[in-house]
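Per-entry structural report
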Amino acid sequence: MTIWRITGGSPRAEETAALTVVLTALLAGRAAAAEAAATEDGNAPSGWHRAHTNPHRAAGTWRSR
């Protein structure tokens, strides 16, 4: 699991949520494409691989202070 940390500036909660959504969508798309390519090549994913589960709340459920 990757831990995200903003090291500069003072982004608002909405800006951080927007960045999280974009990065999550990008990485999920790449993972799906890689998995599809592996199954097309006959290289099925091994048994140790688990699907990614996002431990963070969805962007629409965030509350600002």
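Look up a bit, the structure's there.
This text gives an overview of the structure that appears in the document. (Residues numbered from 1 in each chain as written. Predicted model: local features only at pLDDT ≥ 70, side-chain atom pairs only at ≥ 80, totals over all residues. Heavy atoms only, no water.)

Comments concerning the overall build of the protein
The criterion, for reference: Labels follow the DSSP assignment, with helices taken as runs of H or I lasting at least four residues and strands as runs of E lasting at least two, numbered in each case from the N terminus. Buried, partly exposed and exposed residues are distinguished by accessible area as a fraction of the type maximum, computed with a 1.4 Å probe on protein chains only: under 20%, between the cut-offs, and over 50%, respectively. Only the protein chains shown count as cover for residues, and the accessible areas themselves come from Shrake-Rupley with a 1.4 Å probe.
For the protein, the helix and strand inventory stands at one helix and zero strands. Scored against the burial criterion, the 65 residues of the protein give a buried share of 2%. When the accessible surface of the protein is totalled, it reaches about 6100 Å², and 56% of it is carbon and sulfur.

Description of the pattern of salt bridges
Put simply, the rule is: Every case where a carboxyl oxygen of Asp or Glu lies within 4 Å of a side-chain nitrogen of Lys or Arg is listed as a salt bridge.
According to the stated counting rule, one finds one salt bridge in the structure shown. The shortest N-O distance in the salt bridge between Arg 12 and Glu 14 comes to 3.8 Å. The class for Arg 12 is exposed, based on a relative accessible area of 52%. Overall, Glu 14 belongs to the partly exposed group, its relative accessible area being 46%.

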